[in-house]
Amino acid sequence: MEIERKFLIPKENLPKDLASFPCHHIEQGYLCTSPVVRIRRQDDTYYLTYKSAGLMAREEYNLPLDAASYAHLKPKADGIVISKDRYLLPEKNGLTIELDVFNAPYEGLYLAEVEFSSEEEANEYIPPEWFGEDVTYSTKYHNSTLSKG
């Protein structure tokens, strides 16, 4: 089960020392958006992911792929293959902020996600002041939606 909240981050609110945090380069494409079936390359690791319907909470299953399988499936992705850099920032209570800095064609889009162990914990979460709009309940900012262009 994936339980997460998602927030837009205004460019002027980005941490000034962003480059000092761990970062992963991510590329992902969608074979299907309902239900979500995604392929992802994160650095040198590859996955096939299934996500059920839902907004804050939904089922998620990751299966390992190898580079050859990813390369075979990538041309089959519908729409845009999304490219982004994900920075991992420590947050209070042992949580982690996953700050996604998108590349073209979504350059200038900054989204922060925070994952939780329960819906209660997610609902009680008070985001840092530098976060912008809470878009947890908007499908507009799901990567699967962004892949449609």
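Here goes a summary of the coordinates provided. On a predicted model such as this, the values are computed, not experimentally measured, just so you know.

### Some points on the overall build of the protein chain
Here is step 1: Broken down by element type, the protein chain carries three helices and nine strands.
Here is step 2: Secondary structure elements in the protein chain, listed N-terminal to C-terminal, are β-β-β-β-β-β-α-β-β-β-α-α.
Here is step 3: Relative to its length of 149 residues, the protein chain is compact, with a C-alpha radius of gyration of 15 Å against a globular reference of 15 Å.
Here is step 4: Summarising its shape, the C-alpha atoms of the protein chain cover approximately 40 × 30 × 25 Å along the three principal directions.
Here is step 5: Scored against the burial criterion, the 149 residues of the protein chain give a buried share of 44%.
Here is step 6: Of the roughly 7,800 Å² that the protein chain leaves accessible, carbon and sulfur atoms contribute 52%.

### Things to note about the sheet that holds strand S3 (residues 36–42)
Here is step 1: Here nine strands make up an open sheet; going across it, the order is S5-S1-S9-S8-S7-S2-S3-S4-S6 and the pairing antiparallel. Only two strands of the sheet have a single partner each, and these edge strands are strand S5 (57–58) and strand S6 (60–65).
Here is step 2: Pairing between strand S4 (residues 45–51) and S6: six bridges, direction antiparallel. Note that in S6 the partner of Tyr50 across the bridge is Tyr61.

### Observations concerning the side chain of Glu98
Here is step 1: Residue position: Glu98 is located in strand S8 (residues 96–102).
Here is step 2: Note on Glu98: relative accessible area 17%, which makes it buried.
Here is step 3: The residues touching Glu98, leaving out its near neighbours within four places in the chain, are Arg86, Tyr87, Leu88, Leu111, Ala112, Glu113 and Glu115.

### Focus on the nonpolar core
Here is step 1: Within the largest apolar cluster, 19 residues are counted, with the highest numbers of intra-cluster contacts made by Ile9, Leu99, Val114, Phe116, Tyr125 and Phe131.
Here is step 2: Contacts of Leu99, omitting those with residues within four sequence positions, involve Ile9, Leu14, Pro15, Leu18, Asp85, Arg86, Tyr87, Leu89, Leu111, Ala112 and Trp130.
Here is step 3: Formed by eleven residues, the second largest nonpolar core is a distinct cluster that contains Val36, Ile82, Leu109 and Leu146.

### A closer look at the pattern of salt bridges
Here is step 1: Under the defined criterion, the tally for this structure stands at twelve salt bridges.
Here is step 2: A salt bridge links Glu2 to Arg58; its shortest N-O distance comes to 3.7 Å. On the criterion of sequence distance, the pair formed by Glu2 in strand S1 (residues 2–8) and Arg58 in strand S5 is long-range, its members being 56 residues apart. You'll find Glu2 and Arg58 in the same group, each marked buried.
Here is step 3: Across the pair Lys74 and Glu27 runs a salt bridge whose closest N-O atoms are separated by 3.1 Å. Taken together, the residues span a long stretch of sequence, with Lys74 in the loop between helix H1 (67–73) and strand S7 (78–90) and Glu27 in strand S2 (residues 23–33) at a distance of 47 residues.
Here is step 4: One continuous salt-bridge network, built from bridges that share partners, spans Lys6, Lys84, Arg86, Glu98, Asp100 and Glu113.

### Some thoughts on the packing of aromatic side chains
Each aromatic ring pair is described using two quantities: the centre-to-centre distance and the angle formed by the ring planes.
Here is step 1: Per the counting criterion, the structure on display carries six aromatic pairs.
Here is step 2: With a centroid separation of 5.2 Å and an interplanar angle of 45°, the aromatic rings of Tyr46 and Tyr70 are classed as tilted. Here Tyr46 is found in strand S4, whereas its partner Tyr70 is found in helix H1, with 24 residues between them in sequence. Both residues of the pair, Tyr46 and Tyr70, count as buried.
Here is step 3: Ring geometry for Trp130 and Phe131: centres 4.8 Å apart, planes at 85°, overall edge-to-face.

### Considering unusual backbone geometry
Glycine aside, a negative phi is what most residues show, and trans is what most peptide bonds show.
Here is step 1: Note the cis peptide between Ser34 and Pro35, where omega equals 0°.
Here is step 2: Assignment of secondary structure puts Pro35 in the loop between S2 and S3.
Here is step 3: The omega angle of the peptide bond from Ala104 to Pro105 is 5°, so this bond is cis rather than trans.
Here is step 4: Within the secondary structure, Pro105 is located in the loop between S8 and strand S9 (110–115).
Here is step 5: The backbone of Asp43 sits at a positive phi, close to 60°, despite the residue not being glycine.
Here is step 6: As for its placement among the helices and strands, Asp43 is situated in the loop between S3 and S4.
Here is step 7: Assessed through its relative accessible area of 29%, Asp43 is described here as partly exposed.
Here is step 8: Phi at Asn93 is positive, roughly 60°, even though this residue is not glycine.
Here is step 9: When you line up the elements, Asn93 lands in the loop between S7 and S8.

What counts, and at which threshold
- Residues numbered from 1 in each chain as written.
- Predicted model: local features only at pLDDT ≥ 70, side-chain atom pairs only at ≥ 80, totals over all residues.
- Heavy atoms only, no water.
- Helix = DSSP H or I, 4+ residues; strand = E, 2+ residues; numbered from the N terminus.
- Rg over C-alpha atoms; globule rule 2.2 N^0.38 Å.
- Buried < 20%, exposed > 50% of the residue type's maximum accessible area, 1.4 Å probe, protein only.
- Areas by Shrake-Rupley, 256 points an atom, 1.4 Å probe, with all protein chains shown as cover.
- Pairing = 2+ DSSP bridges.
- Contact = heavy atoms within 4.5 Å.
- Core = buried A, V, L, I, M, F, W, Y, C linked by side-chain atoms within 4.5 Å.
- Salt bridge = Lys/Arg side-chain N within 4 Å of Asp/Glu carboxyl O.
- Phe/Tyr/Trp six-rings, centres within 6.5 Å; stacked < 30°, edge-to-face > 60°.

In short, geometric facts, not functional conclusions.
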